[in-house]
Amino acid sequence: MSSQPAPPEWICAPQRRLFNVFPAGGPMCSLRRALLLWLVPLFLAVGLGSALFSYWGFSRMASVFMDDQMQQLAQAVAGSRTLAAAPVPAPERIHTSGNFVTQVYGADGALLASSLPQLQAGLQPAAGFADVQAGGVTWRVYSTQASGAGGRRVQVLQSGSFRSRLAAERALAAAAPVLILLPLAIAILWGLARAMSLAVQDIGRQAALQDAHSIAELPLERVPQEIQPLVVSFNSLLTRLRDAFADQRRFVQDAAHELRTPITALALQMENVRGDLPPGACAESFSQLEAGLRRAQRLVEQLLKLSRQQAPFVEEARDLDLRAQLHESISSLIALADRRHIDLGFIDLTQGEAGATWRCAAGDLRSVVDNLIENALRYTPEGGVVDVRLLPAAVVEVVDTGPGIPPELLDRVFDRFYRVAGGDSRGSGLGLAIAQAAAERCGLRISLRNRPDVQGLVARVEPGAGRHGALISSSETAQRQLSQPAYSDNTVDAKAGNDRTVPLTER
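Quick caveat, the model's predicted, so the values are computed rather than measured.

Participant: Can you help me understand the packing of helix α8 (residues 362–379) against helix α9 (residues 431–442) in this one?
Facilitator: Helices that pack against each other are described as a pair by the angle of their axes relative to one another and the distance between those axes. At a minimum axis separation of 8 Å, α8 and α9 run at an interaxial angle of 150°. Considered as vectors, α8 and α9 are oriented roughly antiparallel to each other. As for how α8 packs across α9, the hand of that crossing is left-handed. Note on element contacts: α9 touches α8 through Gly431, Leu432, Ile434, Ala435, Ala438, Ala439, Arg441 and Cys442, opposite Asp364, Leu365, Ser367, Val368, Asn371, Leu372 and Asn375. By residue class, the composition of the contact of α8 with α9 is nine nonpolar, four polar and two charged.

Right, dumping it as structure tokens:
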């Protein structure tokens with residue numbers, strides 16, 4: 001037995017991780033938000049760290065440089081033979097320009113000379129550098145050893161605020177490019193994350209375009225490697241789903257074809273037996289059997305029609321004249337209306353406006369209109385009325401005087417083989433399902449509502465949100481939308497084929 005090929009590396013059971021970058025649910029379960037959540041704080045931390053490091057580095061460099069200058073100045077003053085301090089600087093320049101202040105002390109610690117007499121810093125007990133507070137200001141101080149005649153000591157001071165400001169200015173100048181590029185980098189990251197998110201959404205939209213009529217694998221071009229396993233798995237699922245739908249359609253078609261032949265033969269045999277039946281109860285039972293056989297024939301026909309409706313469509317959609325299609329459908333069903341003594345009419349409420357068109361395949365449009373009209377004819381009692389109304393904005397309504405549908409079942413009647421309990425048994429339960437399938441392919445919206453004025457049902461067909469939108473709406477809100485007049489004065493009599501004027505009292 002040949003060994004199975006090893007599955008790809010990514011095909012394995014999901015692993016339980018202690019940490020997941022995507023939280024379970026919530027607004028942060030997003031690629032874009034996850035990228036921004038993790039990278040933006042990192043960028044800000046890098047920018048802040050760069051500024052702090054620059055400040056520390058320049059502060060240290062400025063301190064070393066200024067300390068060296070202070071030491072050289074103190075040694076120069078200490079080596080002077082004359083008792084003189086440096087020239088008196090302007091007080092404001094001491095803190096803005098960093099001018100040095102020199103002080104000369106005697107061996108007894110008395111101040112002998114000072115370039116800023118009002119500064120009372122005092123002689124430091126030990127030689128070297130120190131930071132002192134004087135007059136509410138921090139000063140950097142360097143004191144020399146006692147030297148020269150009389151053991152004089154020289155002390156040089158510099159404003160600490162000047163050093164801090166100098167370090168901050170140099171650090172800001174060094175960090176300015178980083179601080180300027182940081183918002184730009186965040187903006188680029190936002191745009192890149194948005195582009196990636198839109199690319200993933202495009203894949204989702206391509207997946208949303210799949211339906212039972214046109215299932216195709218998603219293209220792998222421009223799909224990131226990280227998402228390709230998901231798309232490949234989804235394509236495999238689509239292939240299996242397409243095969244399952246194809247098997248289902250073939251089964252329904254084969255079953256319907258296999259049933260058609262024996263049912264037709266049985267119908268012929270019943271026609272041959274009809275003349276030999278004695279009158280009475282036997283004839284009544286034969287009529288019931290014949291009605292059941294006709295229902296079986298119709299069920300087979302509807303199954304074949306439904307299977308063709310669900311097959312991948314090849315007919316090209318084009319703009320079709322809705323008014324002409326309504327006339328054609330009414331003409332094709334007039335025989336059924338005559339047989340059941342139902343008044344079938346066409347009401348044009350558009351006042352002859354042009355542009356009543358639907359973009360649809362001709363077969364799908366005919367299926368929608370025919371099934372809605374036929375459904376109304378079969379469930380309307382003999383002697384009733386069925387009107388097909390063409391409204392502005394290319395809206396069609398089929399109005400009947402049948403028993404209606406309970407409000408809680410208005411959505412369920414679109415299910416296959418579903419029939420309202422207690423209703424007429426002549427239907428197969430597939431007419432509305434076929435109409436719905438055709439409407440989906442045309443991008444139309446079908447809604448049902450009971451008539452508020454008299455007993456009956458209104459089936460409304462209008463352009464919907466698109467082929468893949470929600471095409472069947474709840475009728476609970478639709479019942480409040482019946483604002484059109486019940487009938488108009490300009491009506492085409494489908495039985496006579498001529499225009500006629502029908503007063504409201506006649507209908």
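Participant: So what exactly am I meant to see when it comes to unusual backbone geometry here?
Facilitator: Generally, phi is negative for residues other than glycine and the peptide bonds are trans, each holding for most cases. With a phi angle near 60°, His341 is a residue other than glycine that sits in the positive phi range. Relative to the assigned elements, His341 resides in the loop between α7 (334–339) and β7 (343–348). Residue His341 is classed as exposed on the basis of its relative accessible area, which comes to 54%. In this structure, Ala393 is a non-glycine residue whose phi angle is positive, near 65°. Among the residues examined, Ala393 registers a relative accessible area of 66% and is labelled exposed.

Participant: Honestly, the packing of aromatic side chains in this entry has me stumped. Any pointers?
Facilitator: Summed over all chains, the structure comprises two aromatic pairs. Plain terms: the ring middles of Phe53 and Trp56 are 6.1 Å apart, the flat faces sit at 35° to each other, and that makes the pair tilted. You can see Phe53 and its partner Trp56 sitting in helix α1 (residues 31–78), three residues apart, about one turn around the helix. We note that Phe53, like Trp56, is exposed.

Participant: Before we go on, may I ask you to explain the nonpolar core in this structure?
Facilitator: Generally speaking, soluble globular proteins have nonpolar side chains that are buried together. Membership of the largest hydrophobic core comes to 45 residues, with the highest contact counts inside it found for Leu344, Ile373, Leu377 and Leu448. Tallying contributions element by element places α8 first for this core, with eight residues. When sequence neighbours within four positions are dropped, the list of residues in contact with Leu377 reads Leu333, Leu336, Ala337, Arg340, Ile342, Leu344 and Val386.

Participant: Please explain the pairing of β7 as it appears in this structure.
Facilitator: Consecutive side chains of a regular strand alternate in pointing toward one face of the sheet and then the other. Counting buried positions along β7 gives six out of six residues, so the element sits mostly inside the fold. Going residue by residue along β7, you find Asp343, Gly345 and Ile347 tucked away on one face and Leu344, Phe346 and Asp348 tucked away on the opposite face as well. When β7 meets strand β9 (residues 385–391), the two strands line up parallel, connected through six bridges. Bridging from a neighbouring strand, Ile347 pairs with Arg389 of β9.

Participant: Quick question: what am I supposed to make of the sheet that holds strand β4 (residues 137–143) here?
Facilitator: Note: strands within a sheet are paired through backbone hydrogen bonds, in either parallel or antiparallel orientation. If you walk across this open sheet you meet the five strands as β2-β1-β5-β4-β3, and the pairing is antiparallel. Each edge of the open sheet is held by one strand with a lone partner, namely β2 (111–114) and β3 (128–134). Between one strand axis and the next, the sheet turns by 25° as a mean value, whatever way the strands run. Here β3 pairs with β4 via seven bridges, running antiparallel. Note that in β4 the partner of Gly128 across the bridge is Ser143.

Participant: Sorry if this is basic, but what is going on with the state of the cysteines here?
Facilitator: In protein chemistry, a disulfide is the covalent bond that joins the sulfur atoms of two cysteines. Tallied over the entire structure, the rule returns one disulfide. Disulfide partner of Cys360: Cys442, at an S-S distance of 1.7 Å. Of this pair, Cys360 sits in strand β8 (residues 357–360) while Cys442 sits in helix α9; the two residues are 82 residues apart in sequence, bridging distant segments of the chain. In this structure, Cys360 and Cys442 share a single accessibility class: buried.

Participant: I keep staring at the side chain of Arg451 and nothing clicks. Help me out?
Facilitator: Tracing the backbone shows Arg451 in the loop between β11 (444–450) and β12 (457–463). Separated by 3.4 Å, the side chains of Arg451 and Asp453 make a polar contact.

Participant: Quick question: what am I supposed to make of the packing of α1 against helix α3 (residues 160–208) here?
Facilitator: At a closest axis distance of 8 Å, the pairing of α1 and α3 adopts a crossing angle of 165°. On the basis of the axis angle, α1 is roughly antiparallel to α3. Between α1 and α3 the crossing geometry is right-handed. Along the lines of polarity and charge, the residues of the contact of α1 with α3 split into 30 nonpolar, seven polar and five charged.

Participant: Just checking my understanding: could you explain α8 for this structure?
Facilitator: Think of an α-helix as 3.6 residues a turn; residues three or four steps apart then line up on the same face. Here α8 contains 18 residues, and its C-alpha end-to-end distance of 26 Å stays within 8% of the 26 Å for a straight helix at 1.5 Å per residue. The buried fraction of α8 amounts to 15 of the 18 residues, a majority that puts the element mostly inside the structure.

Participant: Looking at this model, I keep getting lost on the confidence of the model for the protein. Mind explaining?
Facilitator: Note that predicted coordinates carrying low pLDDT should not be read in detail. When pLDDT is averaged along the protein, the result is 75, and 78% of the positions lie at 70 or above. The low-confidence segment residues 466–507, where pLDDT is below 50, has 93 contacts with residues more than four positions distant or belonging to other chains.

Here is what the cut-offs are and how they apply
- Residues numbered from 1 in each chain as written.
- Predicted model: local features only at pLDDT ≥ 70, side-chain atom pairs only at ≥ 80, totals over all residues.
- Heavy atoms only, no water.
- Axes fitted to C-alpha atoms, helices over the stretch in contact; angles between N-to-C directions.
- Helix = DSSP H or I, 4+ residues; strand = E, 2+ residues; numbered from the N terminus.
- Parallel < 35°, antiparallel > 145°, perpendicular 65-115°, else oblique.
- Left-handed = near helix turned anticlockwise from the far one by under 90°.
- Contact = heavy atoms within 4.5 Å.
- Nonpolar A, V, L, I, M, F, W, Y, C, P; charged D, E, K, R; others polar.
- Buried < 20%, exposed > 50% of the residue type's maximum accessible area, 1.4 Å probe, protein only.
- Phe/Tyr/Trp six-rings, centres within 6.5 Å; stacked < 30°, edge-to-face > 60°.
- Core = buried A, V, L, I, M, F, W, Y, C linked by side-chain atoms within 4.5 Å.
- Pairing = 2+ DSSP bridges.
- Disulfide = S-S within 2.5 Å.
- Polar contact = N/O pair within 3.5 Å; in protein donor to acceptor, adjacent residues only side chain to side chain.
- Expected span 1.5 Å × (residues − 1).
- pLDDT = per-residue confidence, 0-100.

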